Amino acid sequence: MSVQRHPSRRRVLGGGVALGAAAFGGGILSGASGAEAAEAAEAAEAADVARDGAFVPAVVVGTGYGAAVTALRLAEAGERVLMLEMGRWWDRPGADGRVFCGMLDPDRRSSWFRTRTAAPLGSFLWLDVVDRNIEPYAGVLDRVDFGSMAVYAGRGVGGGSLVNGGMAVAPRRDYLQRVLPRVDAAEMYRRYFPRARAMLRVNGIDRTWFEGTEWYRYSRVAREQAARAGLRSVFLDNVYDFRHMRREADGTAPRSALAGELIYGNNHGRMSLDKTYLAAALRTGRVTIAPLHRAKSLRRRRAGGYVLTVERSDETGRRTAVKEIGCRRLFLGAGSLGTTELLLRARETGALPDLGPEIGRGWGPNGNVMAARANHGTDPTGCHQSTVPALGLDDWDDPRHPVFAEVTPVPAGTETWISLYIAITRNPERGTFVYDRATDRMGLRWTRDQNRPAVDAARSFFDRVNRANRTDYRYDLFGPRAKAFADDFTYHPLGGCVLGRATDSYGRIPGHPGLYVTDGSLVPGSLGVNPFLTITALAERNIERIVRQDVLPASGR
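Keep in mind it's a predicted model, so treat the numbers as computed, not measured. (Residues numbered from 1 in each chain as written. Predicted model: local features only at pLDDT ≥ 70, side-chain atom pairs only at ≥ 80, totals over all residues. Heavy atoms only, no water.)

Focus on the overall build of the protein chain
Heads up, the rule is: By the criteria applied, helices consist of DSSP H or I runs no shorter than four residues and strands consist of E runs no shorter than two, each listed in order from the N terminus. Restricting the calculation to C-alpha atoms gives the radius of gyration, and the globule rule supplies 2.2 Å times the number of residues raised to the power 0.38. Positive charges come from Lys and Arg, negative ones from Asp and Glu, while His and the chain ends are left out of the count. The atoms used to mark charge sites are NZ of Lys, CZ of Arg, CG of Asp and CD of Glu.
Within the protein chain one finds twelve helices and 21 strands. The C-alpha atoms of the protein chain give 23 Å as radius of gyration, which agrees with the globular expectation for 557 residues (24 Å, within 12%). The dimensions of the protein chain, computed from C-alpha atoms along their principal axes, are 70 × 50 × 45 Å. Here the protein chain contributes 77 positive and 61 negative side-chain charges, whose respective centroids are spaced 3 Å apart.

What about the pairing of strand S5 (residues 141-145)?
Test applied: Between any two strands, pairing holds if DSSP finds at least two bridges.
The pairing of S5 with strand S6 (residues 150-154) spans five bridges and is classified as antiparallel. Looking at S6, one finds that Asp 142 is bridged to Ala 153. Between the antiparallel neighbours S5 and S6 lie four residues, among them Gly 147 with a positive phi of about 75 degrees.

Overview of the sheet that holds S6
Sheet architecture is open: three strands sit in the order S5-S6-S20, paired in mixed fashion. The outermost strands of the open sheet, each flanked by one partner alone, are S5 and strand S20 (489-490). Pairing between S6 and S20: two bridges, direction parallel. Across the sheet, the residue bridging to Val 151 is Thr 490, located in S20.

With respect to unusual backbone geometry
Here is the rule: For every residue, the accessible area obtained with a 1.4 Å probe (protein chains only) is divided by the maximum for its type, and the residue is called buried under 20%, exposed over 50%, and partly exposed between those limits.
Although it is not a glycine, Asp 440 adopts a positive phi angle of roughly 55 degrees. Structurally, the position occupied by Asp 440 is in the loop between strand S16 (432-436) and strand S17 (441-445). We classify Asp 440 as partly exposed; its relative accessible area is 25%. Residue Arg 470 is not a glycine yet carries a positive backbone phi of 55 degrees. Relative to the helices and strands, Arg 470 resides in the loop between helix H11 (452-469) and strand S18 (472-473). For Arg 470, a relative accessible area of 74% corresponds to the exposed category.

What to know about the packing of helix H5 (residues 185-200) against helix H12 (residues 532-555)
Keep this limit in mind: Only the contacting stretch of a helix is used when fitting its axis, a line to C-alpha atoms as for every element, and angles between N-to-C directions run 0 to 180 degrees. Any angle that is under 35 degrees is reported as roughly parallel, and any over 145 degrees as roughly antiparallel; angles of 65 to 115 degrees are reported as roughly perpendicular and all others as oblique. By definition, turning the near helix anticlockwise from the far helix through less than a right angle yields a left-handed crossing, and turning it clockwise yields a right-handed one. Note on contacts: a residue pair is in contact if any heavy atoms of the two residues lie within 4.5 Å. Throughout, the ten residues Ala, Val, Leu, Ile, Met, Phe, Trp, Tyr, Cys and Pro are labelled nonpolar, Asp, Glu, Lys and Arg are labelled charged, and all others, Gly among them, are labelled polar.
Contact pair H5 / H12: the axes reach a minimum separation of 9 Å and the direction vectors enclose 115 degrees. What the angle tells us is that H5 and H12 run roughly perpendicular. In terms of crossing hand, the pair formed by H5 and H12 is right-handed. The residues of H12 that touch H5, namely those facing Met 188, Arg 191, Tyr 192, Phe 193, Arg 195, Ala 196, Arg 197, Met 199 and Leu 200, are Phe 532, Leu 533, Thr 534, Thr 536, Ala 537, Leu 538, Glu 540, Arg 541 and Glu 544. For the contact of H5 with H12, the residue count by class is ten nonpolar, two polar and six charged.

Comments concerning the pattern of salt bridges
Test applied: Within this document, salt bridges are pairs made up of a side-chain nitrogen of Lys or Arg and a carboxyl oxygen of Asp or Glu, the two lying within 4 Å of each other.
Under the defined criterion, the tally for this structure stands at 40 salt bridges. One salt bridge in this structure joins Arg 243 and Asp 241, with 3.4 Å as the shortest N-O distance. Under the relative-accessibility criterion, Asp 241 is labelled buried at 3%. Close ionic contact of Lys 296 with Asp 440 constitutes a salt bridge, the shortest N to O distance being 3.4 Å. You can see Lys 296 sitting in strand S9 (residues 293-300) and its partner Asp 440 sitting in the loop between S16 and S17, a full 144 residues away along the chain. Lys 296 sits in the partly exposed class, given a relative accessible area of 24%.

Re the environment of Leu 74
Positionally, Leu 74 belongs in helix H3 (residues 65-76). The exposure class assigned to Leu 74 is buried, which follows from its relative accessible area of 0%. Leu 74 sits 213 residues away from Val 287 along the chain, and the two C-alpha atoms are 9.1 Å apart. If sequence neighbours within four positions are ignored, Leu 74 has contacts with Ala 58, Val 60, Glu 79, Val 81, Phe 331, Ile 543, Val 547 and Val 551.

What to know about the packing of aromatic side chains
Put simply, the rule reads: Only Phe, Tyr and Trp rings are paired, with Trp represented by its six-membered ring, and only when their centres lie within 6.5 Å; those with planes under 30 degrees apart are stacked, over 60 edge-to-face, the remainder tilted. Counted as over-ring charges are cases with an Arg CZ or a Lys NZ within 6 Å of the ring centre that also lie within 35 degrees of the ring normal.
Applying the stated criterion to the full structure yields 20 aromatic pairs. Consider the rings of Trp 209 and Tyr 216, whose centres lie 6.2 Å apart with planes at 80 degrees: the pair is edge-to-face. A relative accessible area of 0% places Tyr 216 in the buried class. With a centroid separation of 5.1 Å and an interplanar angle of 65 degrees, the aromatic rings of Tyr 473 and Phe 485 are classed as edge-to-face. You can see Tyr 473 sitting in strand S18 and its partner Phe 485 sitting in strand S19 (residues 485-486), a full twelve residues away along the chain. A single burial state applies to Tyr 473 and to Phe 485, both of which are buried. The structure contains a cluster of three or more aromatic residues connected by ring pairs, namely Trp 209, Phe 210, Tyr 216, Tyr 218 and Phe 235. The ring of Trp 90 has Arg 88 sitting right over it, with the charged end atom 4.0 Å from the ring centre.

So, the confidence of the model for the protein chain
Operational definition: pLDDT gives the predictor's per-residue confidence on a scale running from 0 to 100.
Looking at the protein chain, the pLDDT average stands at 92 and 91% of residues meet or exceed 70. Segment residues 1-26: pLDDT under 50, and 83 contacts once partners within four positions in sequence are set aside and those in other chains are kept. Below a pLDDT of 50 lies the segment residues 32-36, which in the model reaches eight contacts outside its immediate sequence neighbourhood of four places, other chains included.

Considering helix H10 (residues 335-348)
How we decide: Working rule for helices: expected span equals 1.5 Å times residues minus one.
Its 14 residues place the ends of H10 20 Å apart at the C-alpha level, agreeing with the 20 Å of an ideal helix rising 1.5 Å per residue. Across the 14 residues of H10, eleven count as buried, placing the element largely inside the fold. Burial in H10 covers these residues: Ser 336, Leu 337, Thr 339, Thr 340, Glu 341, Leu 342, Leu 343, Leu 344, Arg 345, Ala 346 and Arg 347. Positive backbone phi, approximately 90 degrees, marks Gly 350, located one or two places after H10.

Some remarks on the pairing of strand S15 (residues 418-425)
In terms of burial, S15 is a largely internal element, eight of the eight residues being buried. Burial along S15 is two-sided: Ile 418, Leu 420, Ile 422 and Ile 424 facing one way and Ser 419, Tyr 421, Ala 423 and Thr 425 facing the other are all buried. In the sheet, strand S12 (residues 368-374) pairs with S15 via seven bridges, with the strands oriented antiparallel. Bridged to Arg 373 within S15 is Ser 419.

Quick notes on the environment of Leu 444
Locating Leu 444 in the fold gives a position in strand S17. The exposure class assigned to Leu 444 is buried, which follows from its relative accessible area of 12%. Once the C-alpha coordinates of Leu 444 and Asp 487 are considered, the two residues, 43 residues apart in sequence, prove to be 16 Å apart.

Digging into the packing of H3 against H12
Running from N to C, H3 and H12 point in directions that differ by 35 degrees, and their axes come no closer than 8 Å. In the crossing of H3 with H12, the sense of the turn from one axis to the other is right-handed. For the pair H3 and H12, contact is made by Tyr 65, Gly 66, Val 69, Thr 70, Arg 73 and Leu 74 and by Phe 532, Ile 535, Thr 536, Ala 539, Glu 540, Ile 543, Val 547 and Val 551, respectively. Residues that form the contact of H3 with H12 fall into these classes: nine nonpolar, three polar and two charged.

Set out below in structure tokens:
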């Protein structure tokens, strides 16, 4: 595979892109033919699609995994689709020639309207040397704080695919069936997981290269120490192109994973959604993407369908327009937080007062706990570390404290002797989202006590590793207070509009024809692994049924 380059706004991703600049100051993307005259026509049409008072057959809110799947499959069925994305399109390099900044040199591109970065590792030796003061900007990574819990989310065309670790892991079949009892697990593994893997370009690391390269010494050290404790290690497939990574190491391709890039975006190598599902959706010529457009509220349309109130902003956060856009069908793919907030606001303000009581319930952080261990001087983890995880420790069969732990890097550029992990535990606790009309904000009912099952599981797991290796925890990495476990944030927010409770078995909102949910809010709080592959496969399953039963009969096709 050749080096990935970010497409210009005048090209289709994998084909052609037209820009509706005249009406909206740039940023409206639509499929185009590639010829200059056709591009100009498409640009005008794209601007018209997202104008105030416009009506489109289908609106998809968000551009993350479920949203991208939905837009592509609707377009393939002949529907015209408008996608609304609150973040920017990440296709323009900054003054340094890079689209994204690195983790060790964050600037305003790193964070969503913050004055200081908020990295998961908050300190080193209790010193505040990790985060940086920055200019507020529409950056790529957001941290939404809810008191006892914070949620990391990607902002931009491609959503979480721009900032996650890319680990494409399917959950245990029995656990998937337990979490989503209305879903045929056998069908998911036979049909929809393979389809999602192919579209996302999932690939695995070359095992021989892994065993010899300096870039994964930290993973091999963690594997050896886990083996001493009787724990099993597994290789993790990824959407980062491992062939590109090998060329990075050889010096024949620009570095990204080997240059400290990940949570603030990868400039090369990562197969994010703008290169996969969204590229395919744009190639149909039936999909328009409107970045920096935030869906604020929704209501019923008198003639049928729905009306969205949408705020358009620029990259500095200045609101430039407020519009109303109508549609026949509305697909909510704004993630666990965004989708739930839209529905809660509609219910509590009376716009859709008959939305059910299950909206807002069943939320969980996927049992996320971060931990770090201090290794002996004889176990160096390496000055050079790939930021793309390739190894996990699987103890999900433990009857009392099941844990799936990913071995993650500490790409400091110097030796740290630190082994760092993200543990995914089976925490049965669930939170509830609530809407405050006075502040027009959504809150989360989640207490520190609800984290206890996750911390207990992580402690049991890593205590075993420490005992077997005569090591201890690092207490200095998660803020100014001594702390062995970081359980107050999550990368994997799940739930809020649970499948089969808040929706039917395919994401339809009962009593609201044409209103659908198509993202991680459908999953009740826990999957046992990184969720994006499951969210993608579930969206493939759901939209296939919706197209067959709802879309095609209505269109006469």
